[in-house]
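# Breakdown of the fold
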Amino acid sequence: MNILELKNLSKTYGKGETAVQALKGIDLQVSQREFVAIVGPSGSGKSTLLHLAGGLDNPTDGKVILDGEDIFLLNEAALAVLRRRKIGFIFQFYNLIPVLSAEENILLPILLDNKKTDREYIDELTEFLGLKDRLNHLPNALSGGQQQRVAIARALANKPSIIFADEPTGNLDTEMGREVLDLLRLSIKRYHQTLVVITHDLNIAKTADRLITLRDGSIESNEVVRK
């Protein structure tokens, strides 16, 4: 069953002679529990695709169907709720709030949604990610790898259906980058989620279930790496 469907998805920035077509009629399906890696040169449309798929930006044309729902038919309030409840975002620069502890950063999506914290799940998640003894620390007291683990825990805290990660290992050394990707793979397997990752590292990309290459706003190849 597909958790995500992109239908004729297009995005153009600017108008007239200065217009730039970032995405050109993308059609793509992602199955539940699948790990999809997206690669391509700078300017190929990778981040634009992720932002549109996650409802962070509006397309010029086309549809994004997430868990059976056409997200751009929703009003802003409903779309914000969908993002909080069904989507986890992980970015290259962590985006942690510096005045909040690691634990407070992790719990933020739950608190914003006025939901009761599933303490057993959060304890299991932080233990699994090796953060148990770092929860009271502020982000500036954590290493880069630990901050990225906090960002992963925050993305998983609301038990989303799908996780979008934009260069999640870009600020990490090779060994730590592989460790973070391994943790993400284990997380989606353990919590039955779907992962879509943008990465510049082909070695990491080849550990995905499927490898999609973008070039000039179009899908150049869509390759099954492992079944």
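So, here is what we can say about the structure in this document. (Residues numbered from 1 in each chain as written. Predicted model: local features only at pLDDT ≥ 70, side-chain atom pairs only at ≥ 80, totals over all residues. Heavy atoms only, no water.)

This part takes up the packing of helix 4 (residues 119–128) against helix 6 (residues 174–191). For any two helices packed against each other, one specifies the crossing angle of their axes together with the interaxial distance. Look at helix 4 against helix 6: their axes get within 11 Å of each other, and the N-to-C directions meet at 150°. For the element pair helix 4 / helix 6, the angle class is roughly antiparallel. Seen along the crossing, helix 4 lies across helix 6 with a hand that is right-handed. When helix 4 is examined against helix 6, the residues Tyr 121, Glu 124, Leu 125 and Phe 128 are found in contact with a partner set consisting of Leu 183, Leu 186, Ser 187, Arg 190 and Tyr 191. (Axes fitted to C-alpha atoms, helices over the stretch in contact; angles between N-to-C directions. Helix = DSSP H or I, 4+ residues; strand = E, 2+ residues; numbered from the N terminus. Parallel < 35°, antiparallel > 145°, perpendicular 65-115°, else oblique. Left-handed = near helix turned anticlockwise from the far one by under 90°. Contact = heavy atoms within 4.5 Å.)

A few words on the sheet that holds strand 9 (residues 210–215). Within a beta sheet, neighbouring strands are joined by backbone hydrogen bonds and run either parallel or antiparallel to one another. Strand order across the open sheet formed by 6 strands is 6-7-8-3-9-10, with mixed pairing between neighbours. Unpaired on one side and paired on the other, strand 6 (87–91) and strand 10 (218–224) mark the two borders of the sheet. The average undirected angle you get between the axes of adjacent strands in this sheet is 15°. Here strand 6 pairs with strand 7 (residues 162–166) via 5 bridges, running parallel. Counted as the bridge partner of Phe 89 is Phe 164 from strand 7. Against the sheet, helix 2 (residues 76–86) engages strand 6 and strand 7, with an angle of about 75° to strand 6. (Pairing = 2+ DSSP bridges.)

Let us look at the sheet that holds strand 1 (residues 2–13). The antiparallel open sheet is built from 4 strands, whose spatial order is 2-1-4-5. Strands at the two margins of the open sheet, each flanked by one partner only, are strand 2 (20–31) and strand 5 (69–70). As paired strands, strand 4 (residues 61–66) and strand 5 are joined by 2 bridges and run antiparallel to one another. When the sheet's bridge partners are listed, Leu 66 is paired in strand 5 with Glu 69. Strand contacts of helix 1 (residues 46–53): strand 1, strand 2 and strand 4, with the helix running at about 120° to strand 1, the strand carrying the most contacts.

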